[in-house]
Amino acid sequence: MDRPDHPWIPVGVDGIAAELGVSENTVIAWRRRSAKEWVSVEKFPDPAGKISGRDWWWLLDVLEWAEKTGRKKPAGE
């Protein structure tokens, strides 16, 4: 669970949405959809933990997933 410095930043759904330029509902939909067995897209990363009952992830894990699945917008867009 221990992670080194940046970019190992813990984020929630709101932070993921802000980083990827989408709504929080979009992030929730990605999680829900990728959990389905019939979906052929790489699964959304599992949460690294919970804070006050809410899931959180390491930002780099989510950014790597977004890049692999074409959800990360190229810089400058």
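Going by the structure above, here's the rest.
None of the values given here were measured: they were computed from a predicted structure. (Residues numbered from 1 in each chain as written. Predicted model: local features only at pLDDT ≥ 70, side-chain atom pairs only at ≥ 80, totals over all residues. Heavy atoms only, no water.)

Draft legend 1. Quick look at the nonpolar core. Counting 14 residues, the largest nonpolar core has Ile16, Leu20, Val27, Trp30, Phe44, Trp57 and Val62 as its most contacted members. When residues of this core are assigned to their parent elements, the largest contribution, five residues, is made by helix α3 (residues 59-68). Setting aside residues no more than four positions away along its own chain, Val62 makes contact with Ile16, Leu20, Phe44, Pro45 and Trp57. (Core = buried A, V, L, I, M, F, W, Y, C linked by side-chain atoms within 4.5 Å. Buried < 20%, exposed > 50% of the residue type's maximum accessible area, 1.4 Å probe, protein only. Helix = DSSP H or I, 4+ residues; strand = E, 2+ residues; numbered from the N terminus. Contact = heavy atoms within 4.5 Å.)

Draft legend 2. The arrangement of the environment of Arg54 in detail. Relative to the elements of secondary structure, Arg54 occurs in strand β3 (residues 54-58). The exposure class of Arg54 is exposed, given its relative accessible area of 67%.

Draft legend 3. Representation of the packing of aromatic side chains. Following the criterion strictly, the structure yields four aromatic pairs and no others. Between Trp56 and Trp58, the ring centres sit 4.8 Å apart and the planes meet at 90°, which makes this aromatic pair edge-to-face. For Trp56, a relative accessible area of 9% puts it in the buried group. Joined through ring pairs, the aromatic side chains of Trp30, Phe44, Trp57 and Trp65 make up one cluster. (Phe/Tyr/Trp six-rings, centres within 6.5 Å; stacked < 30°, edge-to-face > 60°.)

Draft legend 4. Examining the pattern of salt bridges more closely. Summed over the entire model, instances satisfying the criterion amount to five salt bridges. The shortest N-O distance in the salt bridge between Arg31 and Asp55 comes to 3.0 Å. Here Asp55 lies in strand β3 and Arg31 lies in helix α2 (residues 24-34), a separation of 24 residues in the sequence. With its nearest N and O atoms 3.9 Å apart, the salt bridge here joins Lys72 to Glu67. Lys72 gets classed as partly exposed once you look at its relative accessible area, which sits at 37%. Classification of Glu67 by relative accessible area gives exposed; the value is 56%. (Salt bridge = Lys/Arg side-chain N within 4 Å of Asp/Glu carboxyl O.)

Draft legend 5. Local environment of unusual backbone geometry. Notably, Ser52 is not glycine yet its phi reads approximately 50°, a positive angle. On the secondary structure map, Ser52 appears in the loop between β2 (49-51) and β3. Accessibility expressed as a relative area gives 75% for Ser52, which makes it exposed.

Draft legend 6. Examining the pairing of β3 more closely. Pairing of strand β1 (residues 10-11) with β3 involves two bridges; the strand directions are antiparallel. Residue pairing in the sheet places Val11 in a bridge with Trp57 of β3. Judged from the three bridges that link them, β2 and β3 form a sheet pairing that is antiparallel. Each bridged residue has a counterpart across the sheet, and for Ile51 the counterpart in β3 is Arg54. A loop of two residues connects β2 with β3, the two strands running antiparallel in sequence, and Ser52 in this loop sits at a positive phi of about 50°. (Pairing = 2+ DSSP bridges.)

Treat this as a map of the structure, not an account of what it does.
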